[in-house]
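Descriptive analysis of the structure
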Amino acid sequence: MSKRSPTRMCLPLLALLLISALALPPSSWAGQPMESLGVPPGTQLPDTAKAPDGAGPPSWTGKAFRQGVVSVANPYGAEAGAQILEAGGNAVDAAVAVAYALNVVEPQSAGIGGGGFMMIHMTKSGETVFIDSREKAPAGAARNMFVGVSSPSTKGIAVGVPGMVRGTALALEQYGKKSLAEVMRPAVKLADEGFAATPRYVSASCNNRALNYPETKAFFCPDGIHPRVEVGEIVTNPNLAATFKTIAADGPEAFYSGDIAKGIIEGQKRYYGTGKPGTMTLEDLTNYVPAVRKPVEATYRGYTVKSMPSPSSGGLTILQMLKMVERFPIGDAGQGFGFGQTNTLHVMIEAMRLAYADRAIWMGDADFAYVPAVGLLHPTYVDQRSSMISLTQRITPNPIAGDPRPFDVAALANGQRFASAEPVTGPGETTTHFCVVDKWGNVVSYTNTIESSHGIGVFAGYTQPDGEFRNFGFLLNNELTDFNTTPSTNPYTGTIGTNDVEPNKRPRSSMAPSMIFDPQGRPIVAFGSPGGATIINSVFQVAMNLIDHGMAIQPAIDQPRISVTAASGGTTMEPGFSQSTIDALKVLGHSISVASVSDIGSVQAVDIDLQTGKQYGGADSRREGTVIGLPRPQGKNR
Ligand code: GLU
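None of the values given here were measured: they were computed from a predicted structure.

The rules behind each value
- Residues numbered from 1 in each chain as written.
- Predicted model: local features only at pLDDT ≥ 70, side-chain atom pairs only at ≥ 80, totals over all residues.
- Heavy atoms only, no water.
- Helix = DSSP H or I, 4+ residues; strand = E, 2+ residues; numbered from the N terminus.
- Buried < 20%, exposed > 50% of the residue type's maximum accessible area, 1.4 Å probe, protein only.
- Contact = heavy atoms within 4.5 Å.
- Areas by Shrake-Rupley, 256 points an atom, 1.4 Å probe, with all protein chains shown as cover.
- Near = heavy atom within 4 Å.
- Polar contact = N/O pair within 3.5 Å; in protein donor to acceptor, adjacent residues only side chain to side chain.
- Nonpolar A, V, L, I, M, F, W, Y, C, P; charged D, E, K, R; others polar.
- Salt bridge = Lys/Arg side-chain N within 4 Å of Asp/Glu carboxyl O.
- Phe/Tyr/Trp six-rings, centres within 6.5 Å; stacked < 30°, edge-to-face > 60°.
- Lys NZ or Arg CZ within 6 Å of the ring centre and 35° of its normal.
- Pairing = 2+ DSSP bridges.
- Axes fitted to C-alpha atoms, helices over the stretch in contact; angles between N-to-C directions.
- Expected span 1.5 Å × (residues − 1).
- Core = buried A, V, L, I, M, F, W, Y, C linked by side-chain atoms within 4.5 Å.
- pLDDT = per-residue confidence, 0-100.
- Lys, Arg positive; Asp, Glu negative; His and termini not counted.

Examining the overall build of the protein
- Of the regular secondary structure elements, the protein holds 16 helices and 20 strands.
- Taking all 638 residues of the protein together, the buried fraction comes to 63%.
- Of the contacts formed within the protein by residues at least 6 apart in sequence, a portion of 75% connects residues at least 24 apart.
- Accessible surface computed for the protein: about 20800 Å², of which carbon and sulfur atoms make up 52%.

Put into structure tokens, the structure is as follows:
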């Protein structure tokens, strides 16, 4: 950003041809030279500075809007948000509409059976907050409940108390203009009348995790055959439509009581008579309260980056990595620090290894455990960590977590708790990130999830007296596997792991809805990603592409990414980096695996040119990223 002119980009609508019924705006595949995207003429671009293989044609249109932009990983989700903006809603209203619509069209990724983090910036008040609807462990959860359990992510004990319905209701009440019933309308329509299956729906909805339990198999892949539907076939979900109508008519509390609550409680026990049923009770549902949280933040080369605090590890880890690489001349291709060049990738890999070592020990739910958030970002501590990075070789032996406690203003009290590592969730078909900016300049950046693809793989529901299954049409999350599944000990203190299971605690997340602010504190970019622990790396890299490499938003998303999620871990690289760079990284001591497809994350973003007031969107072709800007081109309204 620091180096770019304000030419900004907008994504084409990947699945547009398939959804003509919705009459989304026209696709535009007009490629533009890098020079017109804000990269100063004469900048030496490495041959890796191009769209990754398989990502499709360049998708940069530079189209600007003024009445709002919605950027979502699915075209129907984007359409739902755009409709609410057109009906006078603000960014919060539109974001809630998107979240419910995605439950219909990306049911394997997110929905009312799960939770997420909604970052909101309100222009008028200048306030930036998170609505934390992260699932909680039930009161009956125990620290060792996953010990000896095979495939815990498909078991009832993995289900956390879902937060999305109360979280979205709270967001509307505090920051929205419309009622829950109103913003749910597009989702109800999608569930009732159906949508034409997109390529990603076809490939992601019927996978192995959809096959474990009969009702799920019947819905997603009736004959156990993939794919269940052809691209373009109409998919409805009448059970979910009925659930949505109940919530719309009776309010959010209808989800946490009565029939739907019964479906959640029975659903987590349905297939687990002897095999680890969930322990969630009506009381757990009644007691669930979303939290309102303040961002963690740090400056990076003059910009302020704000992101998700505890119970996520996302914000702290991203900010630590940015601060560790800030001392290097990233962006200077002449010194070998251009995009995709060896020095750049090497220091990024080392920052990832150092930060993930800290994450494993020090991050978790700060409502339950001591998280030294100040110490982890303290300039002296970050300098100490960064000074371990040498340009001539990989850090050996593998770095261990540092001790940020001396730098933490919240001093350590004896007996406080710490954590060690959890299993890492890799990229896949799970979770979803979307962004909205409205005509008033309010911005939302929202990551929503049911954790693994299809959560535990069971619909909320129960067997009625007549023997019929009463199916509520939404999947139950498996978020509790984000806890340490093996009880752990903090090596510095000997006390229990920060992210060990405890009753009513939230599992540590990696989700990192984020925003970048200009020196005057005005938001200029909102972005985020799914991808389990790789979320952190995707957000980190897009921030660097924008700030260090001077890219516009769409190319910043399109560039190939890398990921390391443990101090001892190898580096996964998306296709698109040069062989000479890969060879040079190996010489430095890194173990590299180049993926055959580009699937690290799925970043959706909006950005705002403060000088002109123009708004832009960027979305990821790794999934079905779709940008809709308002006003729509004439004749293209529904
Ligand atoms: N449950 C994960 C988290 O909270 C997100 C899963 C994903 O992105 O695939 O970090």
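A short note on the site of the ligand
- Near the ligand, the surroundings consist of 13 residues, among which T430, E479, D482, S509 and G532 are the closest.
- With respect to the ligand, the side chain of S509 contributes an N or O atom lying 2.7 Å from an oxygen atom.
- Backbone polar atom of G531 to an oxygen atom of the ligand: 2.9 Å apart, as the coordinates give it.
- With the chains in place, 99% of the 300 Å² that the ligand exposes on its own is no longer accessible.
- Of the residues belonging to the shell around the ligand, the class tally is three nonpolar, six polar and four charged.

Focus on helix α8 (residues 258-267)
- By the burial criterion, the buried members of α8 are I260, A261, G263, I264, I265 and G267.
- As for α8, its buried residues are in contact with α7 (238-250), α9 (282-287), β11 (459-463) and β12 (469-475).

Re the pattern of salt bridges
- Going through the model one piece at a time under the given rule, you end up with 26 salt bridges.
- For the salt bridge of E502 with K505, the shortest nitrogen-to-oxygen distance reads 2.9 Å. Comparing E502 with K505 shows no difference in burial state: the two are buried.
- It is possible to trace a salt-bridge network through shared partners that takes in D132, R293, D367 and R506.

Details of unusual backbone geometry
- P311 follows S310 through a cis peptide bond whose omega is 15°.
- With respect to the helices and strands, P311 occurs in the loop between β8 (303-307) and α10 (314-325).
- A positive phi angle is found at H454, which is not glycine, with a value near 65°.
- Relative to the helices and strands, H454 resides in the loop between β10 (443-449) and β11.
- With a relative accessible area of 0%, H454 lands in the buried category.

Some remarks on the packing of aromatic side chains
- If you walk through the whole model with that rule in mind, you get 16 aromatic pairs.
- Geometrically, the ring pair formed by F255 and Y256 is edge-to-face, given 4.9 Å between the ring centres and 70° between the ring planes.
- Through a chain of ring-to-ring contacts, the aromatic side chains of Y76, F195 and Y201 assemble into a single cluster.
- Between the NZ or CZ atom of R166 and the centre of the ring of Y256, over which it lies, the distance is 3.8 Å.
- When the ring centre of Y462 is taken as origin, the NZ or CZ atom of K262, which lies over that ring, is 4.3 Å away.

Some remarks on the sheet that holds strand β15 (residues 562-563)
- Pairing is mixed in the open sheet, where three strands are placed in the order β15-β16-β17. Every interior strand has two partners, whereas the edge strands, β15 and β17 (592-594), have only one.
- Across the sheet, helix α16 (residues 579-587) lies against β16 (571-573) and β17, angled at about 155° from β17, the strand it touches most.

Quick notes on α10
- Under the 1.5 Å per step criterion, the end-to-end length of α10 is 17 Å for 12 residues, consistent within 8% with the ideal 16 Å.
- Taken across its 12 residues, α10 has 11 buried, putting it largely inside the fold.
- By the burial criterion, the buried members of α10 are G314, G315, L316, T317, I318, L319, Q320, M321, L322, M324 and V325.

What to know about the nonpolar core
- Counting residues in hydrophobic clusters, the biggest one holds 95 residues, and the most contacted among them are Y100, I112, M118, I120 and F474.
- Among the elements that make up this core, the one with the highest residue count is helix α2 (residues 91-105) (13 residues).
- Once residues within four sequence positions are removed from consideration, F474 is found in contact with N103, I112, G113, L240, T243, F255, I260, I264, V458, F459 and A460.
- F117, A533, V564 and V606 belong to the second-largest nonpolar core, a separate cluster that totals 83 residues.

What about the confidence of the model for the protein?
- Averaged over every residue, the pLDDT of the protein is 87; residues scoring 70 or more account for 86%.
- Low pLDDT, under 50, characterises residues 2-61; the predicted model gives this stretch 160 contacts beyond four residues in sequence or across chains.
- A low-confidence stretch, residues 411-427 stays under pLDDT 50, and its non-local contacts, those more than four residues away or across chains, total 67 contacts.

Some remarks on the side chain of D365
- Residue placement: D365 occurs in the loop between α11 (342-362) and α12 (373-376).
- Look at D365: it is buried, it has no salt bridge, and the nearest opposite charge is R293 at 4.9 Å.
- Only 2.8 Å separates the side chain of D365 from the backbone nitrogen of D367, close enough to count as a polar contact.
- A distance of 2.8 Å separates a polar atom in the side chain of D365 from the backbone nitrogen of R506.
- Apart from the residues lying within four places of it in its own chain, the contact partners of D365 are S310, P311, T498, K505 and R506.

What about the sheet that holds strand β13 (residues 514-517)?
- What the six strands build is an open sheet, ordered β7-β8-β13-β14-β18-β19; its pairing is antiparallel. One side of each edge strand has no neighbouring strand; the edge strands of this open sheet are β7 (296-300) and β19 (614-618). The sheet shows a mean angle of 15° between the axes of neighbouring strands, taken without regard to direction.
- Pairing analysis gives five bridges linking β7 to β8, with the strands arranged antiparallel. When the sheet's bridge partners are listed, A298 is paired in β8 with V305.
- Along the sheet, α10 makes contact with β7, β8 and β13, crossing β7 at roughly 20°.

Some details on the pairing of strand β1 (residues 68-72)
- In terms of burial, β1 is a largely internal element, five of the five residues being buried.
- The alternating pattern of β1 places G68, V70 and V72 and V69 and S71 on opposite faces, both of which are buried.
- Bridge count for β1 against strand β9 (residues 432-438) is four bridges, and the pairing is antiparallel. Along β9, the bridge assignment pairs V70 with V436.
- The pairing of β1 with strand β20 (residues 626-629) spans four bridges and is classified as antiparallel.

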